[in-house]
There are 2 protein chains.
Amino acid sequence: MYDMTIRLQTDGGKRLYEQIYEHIRKEIREGKLLAGERLPSTRSLAEYLQVARSTVEYAYGQLVSEGYIESRPCRGYFVCSLDELFQMEAERMAPERLGEDCGKQGKGELEKDGTGEKEEEETCFRSGKGEIVCDFSPNGIDMTAFPFGVWKRISGNILNYGNSELFAQGEAQGDYDLRVTINRYLHSSRGVNCRPEQIVIGAGNDYLLLLLEKLLGRHIRIGMENPTYKRAYRIFQSFDYQIVTVDMDESGMQVSGLAKENVAAAYVMPSHQFPTGAVMPIGRRAELLNWASEQPGRYLIEDDYDSEFRYRGKPIPSLQASDEKGKVIYIGTFSKAIAPAIRVSYMVLPEALLERYRRQCWFYSCTVSRIDQRILNEFIRDGYFERHLNKMRKIYKGKQELLMDCLKPFRECFHISGEDAGLHLLLTARIKVSEEELTSAALDRGVKVYGISDSLMDKRQGKLPVGQRATVLLGFGGLDGRQIMEGTERLREAWLKDG
Amino acid sequence: MYDMTIRLQTDGGKRLYEQIYEHIRKEIREGKLLAGERLPSTRSLAEYLQVARSTVEYAYGQLVSEGYIESRPCRGYFVCSLDELFQMEAERMAPERLGEDCGKQGKGELEKDGTGEKEEEETCFRSGKGEIVCDFSPNGIDMTAFPFGVWKRISGNILNYGNSELFAQGEAQGDYDLRVTINRYLHSSRGVNCRPEQIVIGAGNDYLLLLLEKLLGRHIRIGMENPTYKRAYRIFQSFDYQIVTVDMDESGMQVSGLAKENVAAAYVMPSHQFPTGAVMPIGRRAELLNWASEQPGRYLIEDDYDSEFRYRGKPIPSLQASDEKGKVIYIGTFSKAIAPAIRVSYMVLPEALLERYRRQCWFYSCTVSRIDQRILNEFIRDGYFERHLNKMRKIYKGKQELLMDCLKPFRECFHISGEDAGLHLLLTARIKVSEEELTSAALDRGVKVYGISDSLMDKRQGKLPVGQRATVLLGFGGLDGRQIMEGTERLREAWLKDG
């Protein structure tokens, strides 16, 4: 049994649970607590430290949810094997990451978005470059393993006269059955605490944000991280929201910035920030939640856009899971996990906003066809979704490992990060080179990579921290092995030829 | 589990079951017991309160029959979702919103929309009336003749590996192929002049209006006819538009009113006004178009919601067909012609707005799944849509003729109109009777009819023209022959018994 010696400070600087949490996390990260070691029970540690048991439980809970420790039934808490996490922590120190219109969905292999193509063409044309051989879009996804057969069978079973009610108008928030299923999924996989009544289903995040505009009000000030998800930024812009760049440190958005800027809402991606990949630690989460609780009408919009694809450590829990005061609007989507074309997203409204929704927005019909809702419901309910996710996690992990492998020659000149989760890696130059030089040299070789500054809210005003090295995003979701190998080979020629 | 703390009074004032019933009902209405929550079992509550089990069962039974709670087999009693109830309660207080939402889609035969059903139950409860035997909803549609087989076959052909690109993100305005098909259909059937590039496909009119808000700007003044389509009115209200009631005469909206009120846009249904059924003559159309042309930024929103169902005379062309200066925004939907659940609407933008859309809204992803777009495209392209429309036109015409027949005895006391098109008729009283007396007497006989004043924008301010007789709407789309016969028989009893 580990001997827990924590000097708790009661001078009011940090909360007790936070001190316990940080102490244990530090011990684990510094290798003083080893994988497999058992922690004291919450009861005995509480007694020992002379704090409430719930304080220890809260600290342990967070460590569990972040994958540092695990709870084994009837046996207690044990330290997880977490080598990968250290790396990530180290990377947090080197913040600020950039990217292409990372906001834009799907530019990968399958992406036939006219707009996107036009932009690409334009870029190529402008640069006088040839054909794009390999597009490392961070939004590409792999549809080759999609269980078309299952989808078709479910769909076929549903389309019959007995189900003619499916062709009638459904509930505005989405079919109750699907909301129950999503509720269950969110609770078990993301720790989201809600009732199906709080869920609103809509055709894509954009639409849900349009609804949210009606709930949050007009002309509000909204805080965003920088760089951020450009798509959300554009949408808030189209709302005439006053978008405030909130300063970030290695833990993410700084709460002091929110308070200073007098914003009404903040848009965050605590589990896997886009494009940086940063995970927001518990302390910052608590600070954010406290900030939101200080005044009625303050909300946190949590965009949990790709939580399904985490390759190392335990899933990072949602911010909503820690929200006890109804301050988090949780938004998720099936676009990445199933397919962009499915157009099903969901939003969990806290009670106060739910009430407002029911007063002000009840007449907006659901934008997802009931047939699609029913297919999706059966797909999840009958276990196909979980199987598909597990399969895709393996496929993406395999692609990522191949990419990491192919990037070995780059390690001398580039720091590689973001390998714990998601469908892209970040390459940060150790050498003196600009982002533009990197993307342009790549384009010369027919390879599209995405500068992290593309995710800056305003390229002119937004600037990366002084001394920040050039960083590019390499998405791999939509590429096959051959493309990854050829693409990296071309990048080697483009970037390392003189090295 | 809900903690049931009821202080039962045994002084003989109220019966025990009544006290339990009232307590729970109050808790539900005050939101202390939330939808989906489970109630204690009758046995355990009886034990806890020290009353006979039958007392609790009786109280629960009453709550079930009133729709407050429901019994799920083998699981117990759960609180129903009753938002509508509160909504309706609120509406009772604010009389301008009284009445059935005629704007609300589909309440017919196939309509299993919880909202609708509950509202009806509540209405019945309130009036102490029995079951609704016949609902003459103007929004009911008939799905019995829908070619499920064709839809299923097309869908099955599409869902295969060769079409995996369908699962990727599509174009923001909707798939080009479908836009070409819609363009052709609109041109040949409605005289609409546009290019596929001007069409934006979206999941329902509500969504398209949300997009339009971004194009037309905020805080604009918009003119509407009164009575009008309540759904659109509510949506404009949620935009904080200043909605101006523009006076009507027998040709429709008076242009002098538009000019006087300094509105930026007007929402009209020139081919078949809802609910009056009025057709706007060519002279008035020209006046409207001229008004719009006088200043840049003025637009006419043409909602062509049910142009497919015209039974007599030549088709009335769209207003857009006469628009030479790019002043008409044309909106149409497949909800009535195919099925509400399909969730496909389209909007034709004039060039100036198209340009604005491309600058300001290009990043909003299309809300309709590409699979659905593809199915719909083949359904129209291969002639199934036309065949289906022809069939439905016959079916609806048959229903309408039956209804007209059944209404013969009413002719002495009522003027019947609206028989040229659409899925409802209007009955205007020649006798001195109020709309409320008519709807209420109908409800007494288990028949739901819809007062025209439900479509008034603001019941307090909005008033029907002086001398206007009570008018009710009788929708027939969702009813079968038996229901039409029984419904009208009951109406005869209700309205003509003394006549």
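Above this text sits the structure in question.
Residues numbered from 1 in each chain as written. Chains lettered and ligands numbered in written order. Predicted model: local features only at pLDDT ≥ 70, side-chain atom pairs only at ≥ 80, totals over all residues. Heavy atoms only, no water.

(A) Quick look at the overall build of chain A. Looking only at helices and strands, chain A features 16 helices and 17 strands. Expressed as a percentage of the 499 residues in chain A, the buried residues total 64%. Considering only residue pairs separated by 6 or more positions, chain A has 74% of its internal contacts joining residues 24 or more positions apart. When the accessible area of chain A is evaluated, it comes to approximately 19000 Å², of which 47% is carbon and sulfur surface. (Helix = DSSP H or I, 4+ residues; strand = E, 2+ residues; numbered from the N terminus. Buried < 20%, exposed > 50% of the residue type's maximum accessible area, 1.4 Å probe, protein only. Contact = heavy atoms within 4.5 Å. Areas by Shrake-Rupley, 256 points an atom, 1.4 Å probe, with all protein chains shown as cover.)

(B) Structural context of the pattern of salt bridges. Evaluation of the coordinates by the stated rule reveals 56 salt bridges over all chains. Glu378(B) is the partner of Arg374(B) in a salt bridge, and the nearest nitrogen-oxygen pair spans 3.2 Å. A residue pair is termed a helical-turn pair when its members lie 3 or 4 positions apart in one helix, as Arg374(B) and Glu378(B) do in helix H13 (residues 370-381) at 4 residues. Judged by its relative accessible area of 24%, Arg374(B) is partly exposed. Look at Glu378(B) and you get buried, because its relative accessible area is 14%. Put simply, Glu213(A), Lys214(A), Arg218(A), Asp240(A), Glu213(B), Lys214(B), Arg218(B) and Asp240(B) are held in one network by salt bridges that share partners. (Salt bridge = Lys/Arg side-chain N within 4 Å of Asp/Glu carboxyl O.)

(C) Quick peek at the sheet that holds strand S9 (residues 265-268) of chain A. Residues and elements named next belong to chain A. If you walk across this open sheet you meet the 7 strands as S4-S12-S11-S10-S9-S5-S6, and the pairing is mixed. Two strands lie at the open edges of the sheet, namely strand S4 (199-202) and strand S6 (242-245), each paired on one side alone. This sheet shows a mean twist of 20° between the axes of neighbouring strands, independent of strand direction. Pairing geometry for S9 and strand S10 (residues 299-303), over 4 bridges, is parallel. Counterpart to Val-268 in the pairing with S10 is Glu-302. Lying over the sheet, helix H9 (residues 230-238) contacts strand S5 (221-224), S6, S9 and S10, oriented at roughly 170° with respect to S5. (Pairing = 2+ DSSP bridges. Axes fitted to C-alpha atoms, helices over the stretch in contact; angles between N-to-C directions.)

(D) Highlighting unusual backbone geometry. Note that the residue after Phe274(A), namely Pro275(A), is joined by a cis bond; omega there is 5°. With respect to the helices, strands and loops of the structure, Pro275(A) is situated in the loop between S9 and helix H11 (282-293). The phi dihedral of Arg343(A) falls on the positive side, at around 55°, and the residue is not glycine. A positive phi angle, close to 60°, is found at Gln50(B), a residue other than glycine. By secondary structure assignment, the location of Gln50(B) is in the loop between helix H2 (42-49) and helix H3 (53-65). A relative accessible area of 69% places Gln50(B) in the exposed class.

(E) Inspection of the pairing of strand S12 (residues 345-348) of chain A at higher detail. All names here are of chain A. Here S12 shows two buried faces, one formed by Ser-345 and Met-347 and the other by Tyr-346 and Val-348. Bridging between strand S11 (residues 328-333) and S12 involves 4 bridges; their strand directions are antiparallel. For Thr-333, the partnering residue across the bridge sits in S12 and is Ser-345.

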